[in-house]
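Residue-level structure breakdown
Letter by letter, the chains look like this.
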Amino acid sequence: MSDEIVLPDSLLMLIEAREKDLGGFHVRRLLPYAKRRMVGPWIFFDHMGPADFAPGVGINVRPHPHINLATVTYLFAGHILHRDSLGSIATIAPGDINLMVSGRGIVHSEREDLEAQKSPRHLDGLQLWLALPEADEEMEPAFFHYPAADIPVFNDTGVQARVMMGQAFGLRSPVKTYAETLYVEVRLDAWQTVQLPMGVAERAVYVCSGQIEIDGVPIDPYEMAVLKPGALVRARAMSDAHFVVIGGEAMTERHIYWNFVSSRPERIEQAKADWKAGRFPKVPGDEIEFIPLPD
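Scope of this entry: the structure provided in the associated data block. These figures come from a predicted structure and were not determined experimentally.

1. Things to note about the overall build of the chain
When its secondary structure is counted, the chain shows one helix and 26 strands. Whereas a compact globule of 295 residues would reach a radius of gyration of roughly 19 Å, the chain reaches 19 Å, a difference of no more than 12%. The principal-axis extents of the C-alpha atoms in the chain amount to approximately 55 × 45 × 35 Å. For the chain, the residues scored as buried account for 54% of the 295 residues in total. Taking contacts inside the chain between residues at least 6 apart in sequence as the whole, the part at least 24 apart equals 70%. Averaging the locations of the 28 positively and 40 negatively charged side chains of the chain gives two centres separated by 4 Å.

2. Some words on the sheet that holds strand S12 (residues 142-146)
Pairing within the open sheet is antiparallel, and its seven strands lie in the order S2-S3-S4-S11-S6-S9-S12. A single partner strand is all that each edge strand has here, and the edge strands are strand S2 (18-21) and S12. Between one strand axis and the next, the sheet turns through 20 degrees on average, direction left out of account. Bridge count between strand S6 (residues 69-77) and strand S9 (residues 97-101): five bridges; the pairing is antiparallel. The residue bridging Val72 from the neighbouring strand is Leu99, located in S9.

3. Details of the sheet that holds strand S21 (residues 217-219)
The strand order across the open sheet built from four strands is S18-S23-S20-S21, with neighbouring strands paired in antiparallel fashion. Strands at the two margins of the open sheet, each flanked by one partner only, are strand S18 (193-195) and S21. When the angles between neighbouring strand axes are averaged without regard to direction, this sheet yields 30 degrees. Taken together, the three bridges between strand S20 (residues 212-214) and S21 define a ladder with antiparallel strand orientation. Counted as the bridge partner of Glu213 is Pro218 from S21.

4. Overview of the side chain of His66
Looking at the secondary structure, you find His66 in strand S5 (residues 61-66). When near neighbours in sequence (up to four residues on either side) are disregarded, His66 contacts Thr71, Met100, Ser102, Gly105, Ile106, His108, Trp129, Asn259, Phe260 and Phe280.

5. Description of the pairing of S9
Taking burial as the measure, the five residues of S9 include five buried ones, the bulk of the element. Alternating positions in S9 separate into two faces, Ile97, Leu99 and Val101 on one and Asn98 and Met100 on the other, with burial throughout. As judged from the five bridges shared by S9 and S12, these two strands associate in the antiparallel manner. What sits directly across from Val101, in S12, is Ala142.

Rules used throughout
Residues numbered from 1 in each chain as written. Predicted model: local features only at pLDDT ≥ 70, side-chain atom pairs only at ≥ 80, totals over all residues. Heavy atoms only, no water. Helix = DSSP H or I, 4+ residues; strand = E, 2+ residues; numbered from the N terminus. Rg over C-alpha atoms; globule rule 2.2 N^0.38 Å. Buried < 20%, exposed > 50% of the residue type's maximum accessible area, 1.4 Å probe, protein only. Contact = heavy atoms within 4.5 Å. Lys, Arg positive; Asp, Glu negative; His and termini not counted. Charge placed at Lys NZ, Arg CZ, Asp CG, Glu CD. Pairing = 2+ DSSP bridges. Axes fitted to C-alpha atoms, helices over the stretch in contact; angles between N-to-C directions.

Okay, structure coming up:
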């Protein structure tokens, strides 16, 4: 267990994923965590899968609301059909980035098209939420889709890194940000070493597969290591490894309830009342079903 390990000065803590059942589909949740609610602006971190679906079974998330945050969906394998109350429709493919900014309020669904459901499928990916800066929490909702070809890639011997948000390895992502944000995917061949990106106040590394080592501490699949601010950190792959680095500027306190995030608890209460009363907009083409407010 991570709490039995004496951590070096470069690491603040290790977080082990907790499995959550989202109605027949399991995810591994890292953030928010009791002892670490955020890393930079990142306030929610789910690893979806890896999962194999038989025909007729798969992702089927009914319309649900968000406020005062941005969702970032990124797939390693599989496809998800996104619809939202702005009228956006997009199929998320591996390597694409879906950025949905809820601002004052948005509703979306995440499903699969009927043709895809007819075949066995494999799904693996990450869904993260960004807290918006207080000045932007009530902005107009927006949706951005970035195809895989638009994401800059760094290649070196045994190292490949995709700079998904922010800047790293001398590259800058085109993906829109609202606060200083870092999000990088790294694939590292066994026994290769890479220096993790710096330049932001808070950072963490999450291992999707394989194993890495930081200052003698092994970081296993589905573990997140929160890094000490300002530390120069090198990760060594103990096998072929796949991991992401997240981070950004430190944010003020945020409150979270269900799908709602805000700096103001009264705003969350208003969102709860609005969803219960049906005052959020509908998703065109997906107007019938919805997820009710939890008790």
